[in-house]
Structure formats: C-alpha cells, structure tokens
Amino acid sequence: MGVTLTKAAQWTSSGTGKLELTPMNESLLKEVLRSVEQLFSRHPQESEHVFEEPLQWSTTLVASDFKTDYDISEFNVQSNEKDSEGQPLLRLSPPTVYVRSFSQLSKLLHLAADKKLEEARTCLEENRDALVKILGPRFADILEREDTQTDPVDEDTSEDSEVKVKLFRLLQNMDQQLLSKLLEEISEHVRLDPAAANSDVESLKQFCRGGDGRLLKSVRYTSDYEFSNGCRAPPWRQVHGEICYLITEPCDTEDLHITCSTGGVYLNAGIKQEGAESGYERTSDTYTDLPTLLKSRSPYFAEHINKQMPKKDSTSKTQSKSVQMEDQGQPQRSQAGKKKYEPSPRWSNQGLVPPCGKVEENNPGREKSGKKKQATGAKGKLKAEFSLSSLPGRMTPQKSKTLAGAMELSSDSSTEDEDEEELSERRLQIQIEQSPDYWLIYKLVKFLKRGDQTATVLCLCAMLDLNLMQEGCQLDIWDIGGVEVLLNLLDSDEVKCQIGSLKVLRKISHSMLICQTILDMDGLQSIVKILDRPYKDLKALAAETIANVARFRKARTTVRRCGGIEKLVKLLDCLPTLANMSPNQEKDVEVAHCGVLALWSCSKCNRNKEAIRVAGGIPLLGRLLRSPDVNMLIPVVGTLQECASEECYRIAIKNEDMIKDLVQNLSSDNNELQMHCASAIFKCAEDKETSDLVRKYNGLEPLVLLLGKAEDKKLLAAATGAIWKCSICMKNVAKFQEHKALESLISLLTDQPIDVLINVVGAIGEFAKVAANRGIIRKCKGINPLINLLTETNQALLVNVTKTVGACAIDRDNMAVISQLDGVRFVWSLLKNSSTEVQSSAAWALCPCIENAKDAGEIVRSLVGGLELIVNLLKSTNIEVLASICAAISKIAKNKENLAVLTDHEVVPLLAKLTNTTDERLCLHLAEAIGHCCMWEGNKASFGEAGVVAPLVDYLKSNNSAVHYHTTMALYQLSKDPNNCITMNEKGVVKPLILIMGSDDEKLQEAAAGCVRNIRLQALAGKIPPPKKISIGTAKRCGKGL
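All values derive from a computational prediction rather than experimental measurement. (Residues numbered from 1 in each chain as written. Predicted model: local features only at pLDDT ≥ 70, side-chain atom pairs only at ≥ 80, totals over all residues. Heavy atoms only, no water.)

A. Region of interest: the overall build of the protein. Within the protein, the regular secondary structure consists of 58 helices and nine strands. Each of the 1042 residues in the protein was classed as buried or not, and the buried ones make up 52%. For the protein, the accessible surface area stands at approximately 48700 Å², while carbon and sulfur atoms represent 48% of it. (Helix = DSSP H or I, 4+ residues; strand = E, 2+ residues; numbered from the N terminus. Buried < 20%, exposed > 50% of the residue type's maximum accessible area, 1.4 Å probe, protein only. Areas by Shrake-Rupley, 256 points an atom, 1.4 Å probe, with all protein chains shown as cover.)

The following block contains the structure:
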C-alpha cells in the first residue's frame, strides 16, 4: 500500500484527489480488498492492532446494515470492541465512518457486500495518508521510502512494538505483492509505441478501399506533423504517454475520436486540430489495439473484419510469432524445432542485430553504438517523456535498423568489424552466468523502454526489490542494456523517475564493469548535472553514485572537467554539530555525507586535490571533522588523509587545528576511523610543529594502544607509521617510552605485512638514536629479526633496516651480536642493490659497524670482492652515495692492510676526481677519506699529482667547522710531501691555517701547526719562497675570532 498507493495508483489530474476509472485502478482495489481479508483471517493478532489515528470516509452504509457486535442507536453505530482507553474501534455518524483496526475494516467491507469496491475506493481517496494513520509517521516513512535495510524494531520501543513490527512487515509484503500484480497488469497493457501505432493505422487504411465492400469510410490523423520521436501528440500530452489522435469514420456509426497511447487505445471527447484541452479526456475503456476498439463500437466492422483480413505468407507468420514470443520474454526456436540461441539483448539495443534476434541477410549494416545519445535532429527536448522509446536520444527498433543501413554507406567497414569484435570479445571474456531473476530483469528493462510514467516508476520499484548488490543481477542489467535505459531516465524532468534510476545506479555501480559502461556512455556528465537540482534527495543519490563510479582515473578526471568538484564541495556546507536538528538540517547533513563520499573517491587524483582546495573544501572538511557521527567522520578523515600527501593540505591541517580532532578520534571504537586518523597523522607528523601538537593533545598514548590491534593490518600500518614520524622528535620518543612503545614495536618485527614492517623498523631506528633504547633493543632480542630483514627485497624496507642496524651498531655490545649473526656481510651485500637510496643507507650503516667491530679489519678482508665493490661505487653520480662511500672508506682505511688493497684498486684517482664538488657533506667525508688514505706510503705524492691539494685549500673557506677539521687533517698528511707543500704555499694556505691554530681543539691546532711547520721547512730549504710576515697581534686577533 505504501509505494503502490502513492506511485502506482492513477489519480485524476484535476486536483480533486480521485482515483481514475481505469482497469489498473480496479485491479489495484481488488487486490487491496483481498489483502485486507487475508490479513484478518490469517493474522488475527495483528489485525486487532489499534491504528494511530482512525481511517474516516463518507460511507454508503447506514445503521440498518450492521448486525450483532455493534451498539446501534437510531442513526449512529458503535462497535462493542474498544481500545485501552474505552474508545470504540468503529463508529458510524452518518455519513462518516471511523475505523481503527483491520479487523473492523474487514468486517465493514464484508457488510458492504457488492458495494465493497466502492467503499474501498472512497476510503483510499479520503485517506491519502493511510499508512501514517495506521502505523504512525516513522513506520510509514520507512515503508514509503522503500527502505529494506532499516530495522523497524529500532524505530519503536513501546510495549506493543512487537505486534506493530509484525504488522509493518505484513504491510510491506502486501505492498510487494501489489506491485507484482500490477506489473503483470502492465505487461498486458503496455503494447504500443509510435511505430506500432503507425503500423496499425496503415493497416486500417487498407479497409477504407473497395467501394461498397469497404469496412471503414476513412481513417486520418488529427495532425500531419510528426515529431522526431515518431509521436504526433503535442509535447504536453506526450508526458501522459499519448502517441497520436485519430478520427475514424465507420460505415454504420458516427465518427470515432481515438487516442493511441503507450497504455493502449481509447475514445476521447473529440479532438480537432485546434481543439480545447477538454477534448483529450478519455470517454471509454482502454483497449489493447485499434481493431479491438473498432469491433466494440462498430457491429458492421466486427462482422466483416475476419473475412477481409489481409493474408500473410508463411514467412510473415513465422516472424510475427517470433516477435510475439520475444514480447512474452520467451526464447525463440528455429523452424526446424532445434533450440536457437538468442543473441544478447544488449547487442540488439546497440543495433548489432534486429529486435527479433536474427541478423538480416540483406542488410549487413550495423549501428555503431557506444554513446548514450544519438543526434536525431530533434528541434527541442520534451519537458518530460516517460516512454523511453520516444525520448529524443533514443530510436525505435525500426528507425535503428534504417539508420544502421544508412551508416554502412558513410562508415569504414573495417572499423565496424573491429568494434563488433571488441564487443564480442568483451561479452565472451566476462562469462556471465544468468541469475534466477534474469527474465524478470529482462521484462522490467523492456517496460522501462516502452512504458509510461506509472509503468516506469513501478518497474523501478520492482527492480529495487531485487538483490542489486549481487553480481549476477548487476551483470544481467548490463547485459540486457539496462544501464543505458537508466541513464536516459536521468535526462527526464520527472523527479520520481530520476530518484528511482539513481537508486538503482547507486547499487549496481559497485560493479567495475557497470562503472566503466556509465563512463563510456557519458552518463557521469548527466549525474554531475543533477547536483545543480534543488532536490536534496537527488543530490545525495547523485553524489553517492559518483563516489562509486569515481574509482576510475578517467572518471575522476571527468568529474573535475564537468565542474563536479565545485558542486560536490558546495554540498558540504552544513552544521553537523547541532544538538537538536530540524528535518531540513538532518537532510543537509545526509547530503553532505554523500558529497564527502564522492570527494573521497575523487581525491585520489592530485589535480582534484588542488581543485578541492581552490573550491574552499578545506575549511568545510574541518567543520565536518567535528561531527559526532562516525559515518560522517570516516569519509571526512579519509579525504583529509588522502589529500595530506600535498604540502598545502598538511599546512592547512596544522593551521586549522584539525590535529586536535584527529587525536580525539584515535580513541573511537571504530577501527576504520582510527585507521584514517592515524594515516593522516602519519603523513603530517614529519613536520616538527605538527608532531609537537600530537604530543600536546595527548595523542601518543592512543597510538601506542593501537599497536594492540595487531589483527587489523591496515590499522596497524597506520598506527606504526604515525609512531615512526612522531618519534623523529626526541621528546616524543621519551613520552613513547613511558608507555613501553619500543617493546611493543620489537614484538611486531616478525610475521607482518611489508607496509607494517617498513613503519616498525623506521620507528625502531628513531628510538635507537637514544643510547638507553639501544640496550632495550638487544635485551628484547630485536637485533636477530632486524638482521633477518636484510634479506628482503622491498627497497623502502631495506633503507629503514640498514639505518636501524647502523644506529644499533653504535653500541659495542649490539655490534658483537651483529657480527655473530654475520650482519656486516648482509649489509655489505646491499651495496649491489640497484637503488641508490639502499646503497647509501647501507654504506652509512657500515661506518659504525666497522668502527665498533672487534676485528673490523679481518671482517672486511673476509668479504670477497667487498673492497673492489666499494671502490667502484666512487664512480656513482649520486651525491648521497658518494658521501656515504667516502665515509665508509675513511673507516676502512684505518686498517693498513685494507688500505693497501684499496690503493691497489686505484682509490686515489677516484677520490681525486671528486674534489671539485661544492656539496659540503661530500667535502667533509671526502677530506676525511683522503686524510686516512694518505697513511699509505706513496699515496701522498699520488694525491698531489692528481691535483687534490688546491681544491682542499678551498674547502677551508667553508663555514662548517667539521669540514675545517677533516680538511686540516688531510692537508697535514699531504704536507709531508715536499711538492704538496709548494702547491699549498702557492694557494695561500698559511694564513687560514694560522687562523685555525687559534682553535680550542688541540688535535686541530696540532694538525694546522704541523702543516705550517712542514711548509716552513721546505721554505728554509729554499724550495719555496718564505710566506709573508704576520704580526703577533694580528695572529692573536685572528685566534680570538675563532
């Protein structure tokens, strides 16, 4: 009664609120009567339930019609049955009757006897809100909005809720049965389209010939103008499904004025070419076709029609039978009796085969389809057309075949063959298995194409009753061509049809195939346009559908290019934090929820992220972030964490104080919300200020607690990532250790996904920068799993593992464990990795390993080809790799045997080629490596010959004290060669060395003084001119400067 009464019943358009006298309405009333009687007989407890408000209407019954069980007083009648407050469940105060239960309603209808149909009609007409009166507004709203997922038990907590819920479910089943019955009724009435009507008229014109033996005098249209969709009715009448108007002159009666509509044919009040509106009113019953109507009105025509029916040959009979079977939804069979496999209706819709399912032998042309709309030359678009076959964008089967033949002349046949092969391959690859509802879906789609407004709404309601989330149903709709039909419905101006279409598209668009089809048919543009409509339900459904379709990169781009991002951002403008919301405000929040779902899908594109920011989406997302509704928060935070990959969003999240809300939601009971919040912090917390804010708002402890949810891997990855980035700040590390975070992280080093391991190892590496934590790692047996991870192949993981191993190796006890596990060999092998980032991190890790290993020299020499490998990496073009290799060489060269091997591998010329760099980090480690390599006899002269001295002198101009230190040490070693002293003196090294001699570092002082001494000795020997004299006062002033 919910959907059926409000959407399916045919009401007069005059505003009187009366049910039209149509066969469909009569069938509806009979079904309602039968359902009420069954409810009373089969469910007595529910039928006794008292209505929220009485149903009242003007009845034809009087007091004398009532028997026993009623208290009769002259003209008034009361039932003996009363409610808990003593009020009668039926009361008659002529002419009005008041009924408050189904049991009394059933008894009253039984008393009405042959007048029960009229009583039911009057009851429904005067109680348009019958469901509200029976169940109350909450239950009625669930039933009328076709909500099959809401649990009605949650809607009512009163004592009689159980009976009420049972009654609700009975009415829901009754409503579905009524819909099914009416669909069968429609299948009998929906027969005509413009082409079929025109064919019937041409056939009747044949009966107008033959002189005195003719059956009709004339048959003519009231209008000679034919619209592009084949209709002759004016546009404002086409919305009622009317196709054309005829004036037929029989031989034995007066002229008949006939209306041909999609629902059948009937007599009208007399339409002239310029007749009044009243002429369109129906004055007879509706008939299936023109001959049937004429038989009922002209006895002469009925008597002679069978004698003069045109004979059809066997071929036409076969084709007619084939078409009839197709209309009934039955598979065809060949003339030989063998089963004939029917081509996919989808191919038929696209013009690849004619509607009967057989390729025409004399017309090899095929319609090339793939777009939702074809240009038909229509001058204007009808205000609203519910017969899809008459939409400007669609063609009747006859026109499709004509156009297909014409296109053959102007198109490339090879291209068409490729298109057909593409469709064939696509159809074969999917291997669709028909669902049990295949033929029902087939009929519903057929009615959607050819039905009027009522049929369209009914078919959409019936389609929503199917399990549209099932893949089989989704593929059936796609295969039959239902997606195109649903998309065309979006172009009508009828809100009910648009809502029904979007409800179906919202569900079936979970299929990637259907999403791709919507995109290929330019359906996304139509959905985006709906966001401009003033109806909030439409906006919400459109946004939710966009959220499903926008999983494709091309779809996300299409949404942006159609202006969809700006429209979606506007939907977010609501107040989600109000304690008491009006229904209108609640609807705004629902629309905003659907809008943010769509933006979440679209935000996976970098350009869309920028478009959201430009449209003003960041402050609106920040406002929605304060919503108490988890369902709202999940897509909001999901969008923010997706966009946080851009720096402008990270800054905005910090400046808009969203960190506080993200931290608060870390304590939510919803794992998905916690995961998105942790992911957002993960992407933002690398910034020191943001990391401090997380600590300020007490967000560190909730992050540690999330480590306990190890079964949820996505949540675990997000939490460990946030801990990793927050632990870059040493204050946060101290706070984490108050909650034993390090021990929890170490326990996650095994049996975890790669993304979790990357974050866990990265966090442990930051913790290992604190000396006390390095001991905890060893005591918790964390070194062994770290060494095992060195054999993985993921580059991001290897970078973090090598960094962590290097940090742990600073502790000599840890280094002993690493050596025992052969960790140095594993780290050294990573120098062969193709990633420069892995190479550099491995080289940096080798530095503390070599420095703190007990037998470092022996360990290095035991690595076959290891020294040759590390020398060859000096040929790299990556600055980070070069700096790390130089640092490793400086550690290796401390052992003379290893230094000898390095020298044999020509480490000197390779280091010399790097001295012209301007990168200070490379300068530092390069100078250190040169200084240590000078410890091998002969290398000093070799470095001088390679031109190392002059660039090293220039390093003294750096502002970095560490560069000064290692450069001075290297110059001191080089000054032991006389030729190098000459070069140093020429480059003016003495003055900066004298300044360095004023340093507080004794080693640095000695190295600078030693270098100057060696230069002076060469000067005294007469090999170089003496340096310019510098007064003692100048030297002291320079020393104070240092």
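B. Structural view of the confidence of the model for the protein. Averaged over the protein, the pLDDT score is 80; the fraction of residues at 70 or greater is 80%. Low pLDDT, under 50, characterises residues 1038-1042; the stretch is placed with six contacts to residues that sit more than four places away or in other chains. (pLDDT = per-residue confidence, 0-100. Contact = heavy atoms within 4.5 Å.)

C. Structural context of the UniProt feature "repeat: ARM" (unreviewed entry) in the protein. As annotated by UniProt and renumbered to match this structure, "repeat: ARM" (unreviewed entry) occupies residues 865-898. Regarding residues 865-898, the helix share stands at 71% and the strand share at 0%, and the terminal C-alpha atoms are separated by 12 Å. (UniProt positions renumbered as here; feature names shortened; annotations may be inferred.)

D. The arrangement of the environment of Ser 296 in detail. Within the secondary structure, Ser 296 sits in helix 11 (residues 290-297). The class for Ser 296 is partly exposed, based on a relative accessible area of 43%. Looking at Ser 296, its side chain comes within polar contact range of the side chain of Tyr 287, at 3.4 Å. Within the local environment of Ser 296, its side chain forms a polar contact with the backbone oxygen of Leu 293, the two atoms lying 2.6 Å apart. (Polar contact = N/O pair within 3.5 Å; in protein donor to acceptor, adjacent residues only side chain to side chain.)

E. Layout of the nonpolar core. Counting 225 residues, the largest nonpolar core has Leu 568, Trp 828, Leu 831 and Leu 911 as the members making the most contacts within it. Not counting residues up to four positions away in its chain, the partners in contact with Leu 831 are Gln 839, Ala 842, Ala 843, Leu 846, Leu 869, Ile 870, Leu 873 and Ile 885. Ala 63, Val 97, Leu 109 and Phe 168 belong to the second largest nonpolar core, which has 37 residues in total. (Core = buried A, V, L, I, M, F, W, Y, C linked by side-chain atoms within 4.5 Å.)

F. Focus on the sheet that holds strand 2 (residues 70-73). Ordered in space as 1-5-4-3-2, the five strands form an open sheet in which the pairing is antiparallel. Where the open sheet ends on each side, the last strands, each with one partner, are strand 1 (55-58) and strand 2. Averaged over all pairs of adjacent strands, the angle between strand axes in this sheet comes to 10°, irrespective of strand direction. Those strands touched by helix 4 (residues 102-112) are strand 1, strand 2, strand 3 (76-79), strand 4 (90-93) and strand 5 (96-99), and its axis lies near 140° from that of strand 5. (Pairing = 2+ DSSP bridges. Axes fitted to C-alpha atoms, helices over the stretch in contact; angles between N-to-C directions.)

G. View of the sheet that holds strand 8 (residues 256-261). If you trace the four strands from one edge of the open sheet to the other, you get 6-7-8-9, paired in antiparallel fashion. Looking at which strands have only one partner, the edges of the open sheet turn out to be strand 6 (216-221) and strand 9 (264-267). Averaged over all pairs of adjacent strands, the angle between strand axes in this sheet comes to 25°, irrespective of strand direction. The sheet contact formed by strand 8 and strand 9 spans four bridges and is antiparallel. Across the sheet, residue Cys 260 finds its bridge partner in strand 9, namely Val 265.

H. Fine view of the packing of helix 23 (residues 523-530) against helix 24 (residues 536-549). Interaxial distance between helix 23 and helix 24 falls to 8 Å at its minimum, and their mutual angle equals 145°. In the crossing of helix 23 with helix 24, the sense of the turn from one axis to the other is left-handed. Residue-level contacts link Leu 524, Ile 527, Val 528 and Ile 530 of helix 23 to Leu 538, Lys 539, Ala 542, Thr 545, Ile 546 and Val 549 of helix 24. A per-class count over the contact of helix 23 with helix 24 returns eight nonpolar, one polar and one charged. (Left-handed = near helix turned anticlockwise from the far one by under 90°. Nonpolar A, V, L, I, M, F, W, Y, C, P; charged D, E, K, R; others polar.)

I. Focus on the pattern of salt bridges. All chains considered together, the criterion is met by 29 salt bridges. Residues Glu 544 and Arg 506 are paired through a salt bridge, measuring 3.7 Å at the closest nitrogen-oxygen approach. With Glu 544 in helix 24 and Arg 506 in helix 21 (residues 495-508), this residue pair connects regions lying 38 residues apart in the sequence. A salt bridge links Lys 587 to Asp 537; its shortest N-O distance comes to 2.7 Å. Note that Lys 587 is positioned in helix 27 (residues 583-602) and Asp 537 in helix 24, a separation of 50 residues in sequence. If you follow the salt bridges from partner to partner, you end up with Asp 537, Lys 587 and Glu 590 in one network. (Salt bridge = Lys/Arg side-chain N within 4 Å of Asp/Glu carboxyl O.)

J. Expanded view of helix 31 (residues 647-655). If you check which residues of helix 31 are buried, you get Tyr 649, Ala 652, Ile 653 and Lys 654. Phi turns positive, to about 60°, at Asp 657, one or two residues after helix 31.

K. Local environment of the packing of helix 17 (residues 438-450) against helix 18 (residues 453-464). One can describe the packing of helix 17 onto helix 18 by two numbers: an axis separation of 9 Å at closest approach and a directional angle of 155°. Judged on the interaxial angle alone, helix 18 and helix 17 are roughly antiparallel. Like other packed secondary-structure pairs, helix 17 and helix 18 cross with a definite hand, here left-handed. When helix 17 is examined against helix 18, the residues Leu 444, Val 445, Phe 447 and Leu 448 are found in contact with a partner set consisting of Thr 456, Cys 459, Leu 460, Ala 462 and Met 463. Its residues assigned to classes, the contact of helix 17 with helix 18 shows eight nonpolar, one polar and no charged. (Parallel < 35°, antiparallel > 145°, perpendicular 65-115°, else oblique.)

L. Quick look at the environment of Leu 757. Along the chain, the position of Leu 757 falls in helix 39 (residues 754-767). Owing to a relative accessible area of 5%, Leu 757 belongs among the buried residues under this scheme. Sequence separation of Leu 757 and Gly 721 is 36 residues, and the distance between their C-alpha atoms is 9.6 Å. Beyond its immediate stretch of four places on either side in the chain, Leu 757 contacts Leu 748, Leu 749, Thr 750, Gln 752, Leu 789 and Leu 797.

M. Quick peek at the pairing of strand 9. Burial along strand 9 is two-sided: Gly 264 and Tyr 266 and Val 265 and Leu 267, pointing in opposite directions, are all buried. In this structure, the hairpin formed by strand 8 and strand 9 is closed by a connection of two residues.

N. Molecular detail of helix 51 (residues 920-933). The end-to-end C-alpha distance of helix 51 is 20 Å, a good match for the 20 Å that 14 residues give at a rise of 1.5 Å each. Of all 14 residues in helix 51, 11 are buried, a share of seventy percent or more. Regarding helix 51, the residues found buried are Leu 922, Cys 923, Leu 924, His 925, Leu 926, Ala 927, Glu 928, Ala 929, Ile 930, Gly 931 and Cys 933. By the N-cap criterion, in which a side-chain oxygen at the helix start approaches the backbone nitrogen of a residue two or three places on, helix 51 is capped by Asp 919, the distance to Arg 921 being 3.2 Å. (Expected span 1.5 Å × (residues − 1).)

O. Summary view of the packing of aromatic side chains. Applying the stated criterion to the full structure yields nine aromatic pairs. Ring geometry for Phe 682 and Trp 724: centres 6.3 Å apart, planes at 35°, overall tilted. You can see Phe 682 sitting in helix 33 (residues 671-684) and its partner Trp 724 sitting in helix 36 (residues 713-726), a full 42 residues away along the chain. For the pair Phe 736 and Phe 767, a centre-to-centre distance of 6.0 Å together with 40° between the ring planes defines the contact as tilted. (Phe/Tyr/Trp six-rings, centres within 6.5 Å; stacked < 30°, edge-to-face > 60°.)

P. Main features of the side chain of Ser 958. Considering the arrangement of structural elements, one finds Ser 958 in the loop between helix 53 (949-955) and helix 54 (961-974). Judged by its relative accessible area of 13%, Ser 958 is buried. Contacts of Ser 958, omitting those with residues within four sequence positions, involve Glu 920, Val 963 and His 964.

Q. Seen up close, the environment of Val 569. Its location among the elements puts Val 569 in helix 26 (residues 564-570). It is 7.3 Å that separates the C-alpha atoms of Val 569 and Gly 616, two residues lying 47 residues apart in sequence. Ignoring any residue separated from it by four or fewer positions in sequence, one finds Val 569 in contact with Leu 599, Ile 612, Ala 615, Gly 616, Gly 617 and Leu 620.

R. Quick look at the pairing of strand 7 (residues 242-250). Most of strand 7 is tucked away, with eight of its nine residues classed as buried. With five bridges joining them, strand 6 and strand 7 adopt antiparallel strand pairing. From the neighbouring strand, Tyr 221 faces strand 7, where its bridge partner is Leu 246. Taken together, the six bridges between strand 7 and strand 8 define a ladder with antiparallel strand orientation. Bridging from a neighbouring strand, Ile 247 pairs with His 257 of strand 8. Turn length for the strand 7-strand 8 hairpin, with the two strands adjacent in sequence and antiparallel, is five residues.

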